[in-house]
Amino acid sequence: MLKRSIDCLPLSPPSPRSKTSKSEEEGNDELVCYWDYLSLEIQYKILSYLPLTNAYNLCLVCNQWRYVYFNSCKSLNLIPFTRNVTNTVLEKMISMCPLINKLSVGKVGESLPLNEEGINSLGKFSELRFLNLISCTFSKENIIHLGQQLRKLKVLNVTWCSSLNDESLSGLSLFTSLTHISFQESRITDIGMKFISFVPWIKSLNISFCNLVSDVGIGHICINLHALESLNLSWCVRITDTALKYISHNLFQLKILYLTGCKSITIDGKDYICKYCSDCKVHADSTFMPYKRVYNIAL
């Protein structure tokens, strides 16, 4: 359905429909189309409440509705259509949705049919501020290209991408507006954490399930990421008490710390984090209780 909808979408606005005079409308109420009197902003606001699948079906009705929806669309969730998002489809979406600032594509367990060229084309979404990529193929060249193009990007979520490694992150510092990063379930090691430390302006970092990261990697980010407010280390099984000491002595702006599944942390580490991180809310296993400053979350 996505392919069918995109192939027949216009790239230019439809010609305005001629309107009848007020007297003619009063004489023949059946000809009155109140939709035509709404501004494009209001029309899109109405259409935006539809689920994405229904919106695509609606866009098959006429050129006017297609233009209104896609030309005004600012948020696009392509996760339900992951299997159909090819390089060609993505290029079509870029030409039709120039105002997109939030894009989600990919699905856990399904390979995204985009090659390196397709990932690079995401850089043409010049207004993009939020990018969510799941189960995609990512390379060093992709990171460098997107960093040079997406100057307004604030949130980068690259999840369950097994191809994401240390080398891929060497160009991460090119994202000059980036404040939130998530590399959940990736193959990055302590070397990759050093590359992340070259982005000192980030406020939120999620490296949960990155079981190749150790205390050394945490030490790297503690040196430079002094603006960090949220850190997710859940199921980073190589994290020990030493990492908690690094965090306590360096990340003074930290407000939220996730330690669920960090089985290598002992009671000494727990005492340490509770003593020195009085303003930080810690989410962890039930074994962290009954320390009053540490909060439990359900697994």
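Small disclaimer: the values here were computed from a predicted structure and weren't measured. The residue numbering used here restarts from 1 in each chain and proceeds along that chain's sequence as written. Two thresholds apply to this predicted model, a pLDDT of at least 70 for residue-level local features and 80 or more for giving and counting side-chain atom pairs, whereas whole-chain, interface and lining totals are computed over all residues. Remark: hydrogens and water are excluded; side-chain values derive from all non-hydrogen atoms of the structure.

(A) Region of interest: the packing of helix α10 (residues 215–224) against helix α11 (residues 241–250). α11 packs onto α10 with a crossing angle of 5° between their chain directions and a minimal axis gap of 8 Å. Taken together, α10 and α11 sit at an angle that is classed as roughly parallel. Counting all contacts with α10, which are made through Asp215, Ile218, Gly219 and Cys222, the residues of α11 involved are Thr242, Ala243, Tyr246, Ile247 and Asn250. Residues were grouped as follows: Ala, Val, Leu, Ile, Met, Phe, Trp, Tyr, Cys and Pro as nonpolar; Asp, Glu, Lys and Arg as charged; and all remaining residues, including Gly, as polar. When the residues that make up the contact of α10 with α11 are grouped by side-chain class, the tally is five nonpolar, three polar and one charged. Interaxial angle, 0 to 180 degrees, is taken between N-to-C directions of lines fitted to C-alpha atoms, where a helix line uses only the stretch in contact. Helix numbering and strand numbering both begin at the N terminus, where a helix is a DSSP run of H or I of at least 4 residues and a strand a DSSP run of E of at least 2. Roughly parallel covers angles under 35 degrees, roughly antiparallel covers those over 145, roughly perpendicular covers 65 to 115, and oblique covers all other angles. The criterion used for residue contact is that any of the two residues' heavy atoms lie within 4.5 Å.

(B) Highlighting the pairing of strand β9 (residues 281–284). Note that strand β8 (residues 256–258) and β9 share three bridges and pair parallel. By the bridge assignment, Tyr258 is partnered in β9 with His283. A crossover counts as right-handed when, viewed with the strands pointing away from the observer, the path leading from the first strand over the helix to the second turns clockwise. Following the chain from β8 across helix α12 (residues 267–276) to the adjacent parallel β9, one finds a crossover that is right-handed. Here, a strand pair is defined by DSSP locating no fewer than two bridges between the strands.

(C) Examining the environment of Phe125 more closely. Considering the arrangement of structural elements, one finds Phe125 in the loop between α7 (116–121) and β3 (130–134). Each residue touching Phe125, except ones within four places of it in the same chain, is listed here: Leu90, Met93, Ile94, Cys97, Ile100, Leu103 and Leu150.

(D) Spatial organisation of the environment of Asn115. When you line up the elements, Asn115 lands in the loop between β2 (102–106) and α7. Looking at Asn115, the relative accessible area reads 41%, which means it is partly exposed. Residues Asn115 and Cys136, spaced 21 residues apart in sequence, show a C-alpha to C-alpha distance of 8.6 Å. At 3.1 Å, the side chain of Asn115 and the backbone nitrogen of Glu117 are in polar contact. Here a polar contact is taken to be a pair of N or O atoms separated by no more than 3.5 Å, where protein atoms must pair a possible hydrogen donor with a possible acceptor and residues adjacent in sequence count only if both atoms sit in side chains. Within the structure, Asn115 has its side chain in polar contact with the backbone nitrogen of Gly118 (distance 2.9 Å). Any residue under 20% of the maximum accessible area for its type is buried, any over 50% is exposed, and the rest in between are partly exposed; the area is computed with a 1.4 Å probe on protein chains only.

(E) Examining the packing of helix α3 (residues 40–47) against helix α5 (residues 63–72) more closely. Where α3 contacts α5, the axes come no closer than 9 Å and their chain directions differ by 85°. Taken together, the axes of α3 and α5 lie roughly perpendicular to each other. Here Leu40, Gln43, Tyr44 and Leu47 of α3 lie close against α5, whose contacting residues are Gln64, Trp65, Tyr67, Val68, Tyr69 and Ser72. By residue class, the composition of the contact of α3 with α5 is seven nonpolar, three polar and no charged.

(F) Representation of the pattern of salt bridges. We define a salt bridge as a contact between a side-chain nitrogen of Lys or Arg and a carboxyl oxygen of Asp or Glu at a distance within 4 Å. Inspection of the entire model under this criterion finds four salt bridges. Note that Arg83 is salt-bridged to Glu110, the shortest N-O span being 3.4 Å. Of this pair, Arg83 sits in the loop between β1 (75–77) and α6 (87–96) while Glu110 is found in the loop between β2 and α7, placing the two residues 27 residues apart along the sequence. In this structure, Glu127 and Lys152 form a salt bridge, with 3.0 Å as the shortest nitrogen-oxygen distance.

(G) Structural context of the packing of aromatic side chains. Within 6.5 Å between ring centres, the rings of Phe, Tyr and Trp (the latter by its six-membered ring) count as paired, and their orientation is classed by plane angle as stacked under 30 degrees, edge-to-face over 60, tilted in between. In total, this model carries four aromatic pairs according to the counting rule given. With a centroid separation of 6.3 Å and an interplanar angle of 20°, the aromatic rings of Phe209 and Trp235 are classed as stacked. Taken together, the positions of Phe209 in the loop between β6 (204–206) and α10 and Trp235 in the loop between β7 (230–232) and α11 put the pair 26 residues apart, joining distant regions of the chain. Residue classification places Trp235 among the partly exposed residues on the basis of a relative accessible area of 32%. Aromatic pair Tyr272 and Tyr276: ring centres 4.5 Å apart, planes at 40°, arrangement tilted. In this pair, Tyr272 and Tyr276 both sit in helix α12, four residues apart, roughly one turn of the helix. A relative accessible area of 18% places Tyr272 in the buried class. By relative accessible area, which is 41% here, Tyr276 ends up partly exposed. Ring pairing ties together the aromatic residues Trp160, Phe209 and Trp235, which thus form one cluster.

(H) Up close: the confidence of the model for the chain. A residue's pLDDT is the confidence the predictor assigns to it, expressed on a 0 to 100 scale. In the predicted model, the chain carries a mean pLDDT of 82, and the fraction of residues at 70 or more is 83%. Taken element by element, the predicted model of the chain shows its lowest mean pLDDT in strand β10 (residues 294–296) (37) and its highest in β6 (98). Contacts of residues 18–23 to residues separated by more than four positions or lying in other chains number four contacts, the stretch itself having pLDDT below 50. Here residues 289–299 is a poorly scored stretch, pLDDT under 50, and it has 27 contacts once near neighbours within four places are set aside; other chains count.

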